[in-house]
Amino acid sequence: ADCRYTCHQECRSLIQLDCRRPGQCQLSPESTLLSPCRQNVTQTVEEEKPEPPTVQEIKQKIEKYNAKVTNCLLMKLNEDGTYTGFIKVHLKLRRPVTVPAGIRPQSIYDALKEVNLAEMTDKRTSFYLPLDAIKQLHISSTTTVSEVIQGLLKKFMVVDNPQKFALFKEMRKDGQVLFQKLPLTEYPLYLRLLAGPDTDVLSFVLKENETGEVEWDAFSIPELQNFLMILDREEKDKIQQVHRKYERFKQRLQQTLKEAKGKPG
């Protein structure tokens, strides 16, 4: 009655209040009790999932989407109810990827004939993809996140296991940049359709997968050895950075002591 504390009825016996007025707190009035907790919250949420959009709703969304497009990258509705369109994926990979060594760039003929150049040699080398490079993909509404990742790796002739990578959606809200990892069964083109063509509202980013979710047993011995080489290189680079930092600090400190020599403290 004094502090307006509210609790559920089944929690009442567990409450211990540090009242300012000993003996004055009354937890008995019915106004301080809420109805019992619902034990079936998860089930209720699952039952309230929205129904898949109808073909007519998809058509209306596509028309609304295309009306906002300014770069001719329109979405197209097919007769079977599926639709196609374009998405842009930002590559933000901070670790090198494994690519075939000594392979010529893929030609238009290779792309049309679906020639896999990576299978022409067993030699491998590490390569850093340009940070924050952008790749444009033409996909279908039935294309999953897993297929998008595999398609990107194929375009860059990356032979690493796709499980090393994850696709994120990047959103901007209240001046903050938010990242959310997408499940492998999600459909990126549908997310693009809902968000509209403005990449400031929604964009896709390819990044390394979290270490805790990588199944290391799925990698070959050479791949695991390559990981160790990369980690060793990064460790050495970090040590050198720390050494350079404190070496510069030491030089500035010595210079300051030299300039202050003979002067009153």
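Let us look at the structure shown here.

What counts and how
- Residues numbered from 1 in each chain as written.
- Predicted model: local features only at pLDDT ≥ 70, side-chain atom pairs only at ≥ 80, totals over all residues.
- Heavy atoms only, no water.
- Core = buried A, V, L, I, M, F, W, Y, C linked by side-chain atoms within 4.5 Å.
- Buried < 20%, exposed > 50% of the residue type's maximum accessible area, 1.4 Å probe, protein only.
- Helix = DSSP H or I, 4+ residues; strand = E, 2+ residues; numbered from the N terminus.
- Contact = heavy atoms within 4.5 Å.
- Expected span 1.5 Å × (residues − 1).
- Arc of directions from axis to C-beta.
- Pairing = 2+ DSSP bridges.

Right, let's talk about the nonpolar core for a bit. Ranked by size, the top nonpolar core spans 30 residues in total, and within it Ile87, Val89, Phe165, Leu167, Phe204 and Leu206 carry the most contacts. Looking at this core, the elements with two or more residues in it are helix H2 (55–68), strand E4 (83–91), strand E5 (97–100), strand E7 (133–140), helix H4 (145–155), strand E8 (165–173), helix H5 (188–195) and strand E10 (202–208). If you tally residues by element for this core, the top one is H4, at 5 residues. Once you skip the residues sitting within four places of it in the chain, Val89 turns out to touch Ala133, Ile134, Lys135, Leu137, Leu152, Leu167, Phe204, Val205 and Leu206.

A word on H2. If you check H2, its first and last C-alpha atoms are 20 Å apart, about what 14 residues at 1.5 Å a residue would give, namely 20 Å. Here H2 has its buried residues at Ile58, Ile62 and Tyr65. Viewed along the axis of H2, the buried residues span an arc of 65°, placing them on a single side of the element. Exposed and facing more than 90 degrees away from the buried side of H2 are Lys64 and Ala67. Packing partners of the buried residues in H2 comprise strand E3 (76–77), E4 and H5.

So, on to the pairing of E4. Of all 9 residues making up E4, 7 are buried, and the element is well covered by its neighbours. As paired elements, E3 and E4 share 2 bridges and run antiparallel to each other. For Lys76, the partnering residue across the bridge sits in E4 and is Thr84. Between E3 and E4, which follow one another and run antiparallel, lie 5 residues, and Gly81 among them has a positive phi close to 95°. Here 8 bridges tie E4 to E7, and the two strands are oriented antiparallel to one another. Bridged to Ile87 within E7 is Leu137. With 3 bridges connecting them, E4 and E10 associate as parallel partners. Residue pairing across strands places Leu91 opposite Leu206, the latter belonging to E10.

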